[in-house]
Amino acid sequence: MIEVSKKCIGCNKCVPVCPFAAINMIDKKAVMNEACTLCGACVQVCPVQAITITREEGASRDLSGYKGVWVYVELSETGDNACASAASKASGHQAANHPKKIKQVTFELLSAGRRLADELGEELCAVLMTEKDHGYEKELGAYGADKVYMVEHDELFEYNTDIFSTVMVSLVTRHKPSVILYGATIQGRDLAPRVASTLYVGLTADCTALAIKDGLLLQSRPAFGGNIMADILAPNSRPQMATVRPNVMKLGEPVHGRSALVVRESAKLDKSLRRVKVLERKIDHGSATVRIENANIIVSGGRGMKTKEKFKQLEELSKLLGGVVGASRAAVDLGFKEKTHQVGQSGTTVSPKLYLSFGISGAVQHIVGMKASDVIVAVNKDPNAPIFNVAKYGIVGDINEIVPKLIEALKKRK
Ligand code: FAD
Ligand code: SF4
Ligand code: SF4
């Protein structure tokens, strides 16, 4: 239910921001009509907090109409790996010349979402908000989407919390999905909580596994510092929403030529909704070499490397292998490597083809961040180190002997 209190001063600010033309000014007071979807956009702009929305408590809500699994499509101006040069003025419509790319995490979520939708016997839908469609539906269809809800609007030229959450909430209100998945990325971690709070529903962050149990989304994630796994169900709340980090869900094989039905949705968006304006954008070219989430080969070191000097041997080894250096949290805390290289629960989740681990014990918080790697090779002097439980190949030995020998052998092969 939406109500306008006596505090309304008739300023008219709420009228242009309503995406559904649901507000009329009558006798200098805002009056909402039946087109209102309770999206909350007007609440944000009212200068005197005259508008209140009251939502029904979960248990008393009729949830039977909520169907389908949705995946929020995240676009990147730079792709997952590439970085734009130095600094650019964010003058607005930057994407015009360089179509944005769909981030890989979207395809991972579609792969997981396909499984969930099949189990529920419902549709898998991708939600795409963009300034311009560049034929994204082909890729989204190839990764399993049955349908793409496409919102094209000039105001969607770059991510903005107010604009994107308003569109998302209005789509949810209109179509009532049962499940929504977001990447646990900077964007997803910003958007999903805003949508959750506007809709007054729950959100499970950083899920590591998703399944269906008794028709509900079973959301699993580490809890209490990673020492236990918590299984979360939301029986009284719709949509059931979760974020999942990149590289956690296995990417399915795309079926090229499989198409998704495009449903074009209109959005009436007003600039005044945008409370944050990006004045300048700086993207560091150098950071491209630091990004471990997309690396095929990672050479990782832990406390067992003992010193920063010795840790540098791993740089040489990774260069010879064409990989990237990773580190345990202990190694990062000791200053052996920057935080951007940390693998694990409070670092980055990775799934390279080859993960080499030197002097890492294999604490659960480290393992959750690298166990999806195709091949794990671990070197540790302790035969009982837990890292060997996830390693395909284990070498019980001293890294001080093994790392130099590996470097020497690779140099000879070059
Ligand atoms: P250690 O556990 O000290 O292991 C060092 C290993 O080196 C030992 O197994 C030892 O046998 C071996 N070794 C020593 N010398 C040699 C040698 N000469 N040759 C061969 N082997 C040798 N950790 C992460 O990594 N990533 C995270 O994201 C993360 N997040 C966390 C979040 C929370 C909330 C908490 C509570 C902890 C987190 N941790 C994380 C910390 C984690 O619990 C461990 O403390 C950490 O992973 C240990 O790092 P390590 O394996 O390098 O060090
Ligand atoms: Fe319009 Fe949303 Fe406000 Fe309803 S809640 S009047 S739909 S802006
Ligand atoms: Fe009234 Fe607030 Fe709307 Fe202004 S923004 S007309 S004060 S409800």
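Residues numbered from 1 in each chain as written. Chains lettered and ligands numbered in written order. Predicted model: local features only at pLDDT ≥ 70, side-chain atom pairs only at ≥ 80, totals over all residues. Heavy atoms only, no water.

A. Region of the structure containing the layout of surface pockets. Considering only enclosed or pocket space, the second largest pocket measures out at about 510 Å³ in volume. Of all the elements in the fold, those that place two or more residues in the lining of the second largest pocket are α8 (329-333), α9 (364-367), β22 (375-380) and α10 (399-413). Among the residues making up the lining of the second largest pocket, the classes are represented as six nonpolar, 15 polar and six charged. (1 Å grid on protein atoms, 1.4 Å probe; cavity = no way out; pocket = protein on both sides within 12 Å on 5 of 7 lines; lining within 4 Å. Points joined across faces, edges and corners; volume = space filled by probe spheres on them. Helix = DSSP H or I, 4+ residues; strand = E, 2+ residues; numbered from the N terminus. Nonpolar A, V, L, I, M, F, W, Y, C, P; charged D, E, K, R; others polar.)

B. Local environment of the packing of helix α7 (residues 308-321) against α10. Put simply, α7 and α10 touch, their axes get as near as 10 Å, and they point 30 degrees apart. In terms of their interaxial angle, α7 and α10 are classed as roughly parallel. Of the two elements, α7 crosses α10, and the hand of that crossing is left-handed. Between α7 and α10, the contacting residues are Lys310, Gln313, Leu314, Glu316, Leu317, Leu320 and Leu321 on the first element and Asn400, Val403, Pro404, Leu406, Ile407, Leu410 and Lys411 on the second. By residue class, the composition of the contact of α7 with α10 is nine nonpolar, two polar and three charged. (Axes fitted to C-alpha atoms, helices over the stretch in contact; angles between N-to-C directions. Parallel < 35°, antiparallel > 145°, perpendicular 65-115°, else oblique. Left-handed = near helix turned anticlockwise from the far one by under 90°. Contact = heavy atoms within 4.5 Å.)

C. How the structure looks around the nonpolar core. Formed by 44 residues in total, the largest nonpolar core has its most connected members in Ile51, Trp70, Met129, Leu156, Met168, Tyr182 and Val195. The dominant element in this core, judged by the number of residues it contributes, is helix α5 (residues 161-175), at seven residues. Each of domain 1 (2-54) and domain 2 (60-282) contributes no fewer than three residues to this core. Every residue in contact with tyrosine 182, bar those within four places of it in the chain, is listed here: Tyr72, Leu109, Met168, Gly188, Leu191, Ala192, Val195, Met241, Ala242, Thr243 and Val244. (Core = buried A, V, L, I, M, F, W, Y, C linked by side-chain atoms within 4.5 Å. Buried < 20%, exposed > 50% of the residue type's maximum accessible area, 1.4 Å probe, protein only. Domains from an automatic or database assignment.)

D. The arrangement of the pattern of salt bridges in detail. Within this structure, the stated rule accounts for 23 salt bridges. Residues aspartate 146 and arginine 258 are paired through a salt bridge, measuring 3.2 Å at the closest nitrogen-oxygen approach. One end of the pair, aspartate 146, is in the loop between α4 (136-142) and β10 (147-152); the other, arginine 258, is in the loop between β16 (240-244) and β17 (261-265), with 112 residues separating them in the sequence. Given the relative accessible area of 24%, aspartate 146 is considered partly exposed. Here arginine 174 and glutamate 265 are joined by a salt bridge, their closest N and O atoms 2.3 Å apart. Here arginine 174, found in helix α5, pairs with glutamate 265, found in strand β17; they are 91 residues apart in sequence, far enough to count as distant. Overall, arginine 174 belongs to the partly exposed group, its relative accessible area being 36%. Residue classification places glutamate 265 among the buried positions, given a relative accessible area of 11%. (Salt bridge = Lys/Arg side-chain N within 4 Å of Asp/Glu carboxyl O.)

E. Spatial organisation of the sheet that holds strand β11 (residues 179-183). Ordered in space as β12-β16-β11-β5-β9-β10-β17, the seven strands form an open sheet in which the pairing is parallel. Lying at the two open borders of the sheet, with one neighbouring strand each, are β12 (204-207) and β17. Direction aside, the axes of adjacent strands within the sheet are offset by 25 degrees on average. With three bridges connecting them, strand β5 (residues 69-72) and β11 associate as parallel partners. The residue bridging valine 69 from the neighbouring strand is valine 179, located in β11. (Pairing = 2+ DSSP bridges.)

F. The arrangement of empty space enclosed by the protein in detail. The tally for this structure, following the rule as stated, stands at three cavities of 30 Å³ or more. Considering only enclosed or pocket space, the largest cavity measures out at about 90 Å³ in volume. Forming the boundary of the largest cavity are 15 residues, of which Cys8, Cys11, Cys14, Ala30 and Cys46 lie nearest the centre. Volume-wise, the second largest cavity comes out at about 70 Å³.

Take it as geometry only, folks, not as evidence of what the structure does.
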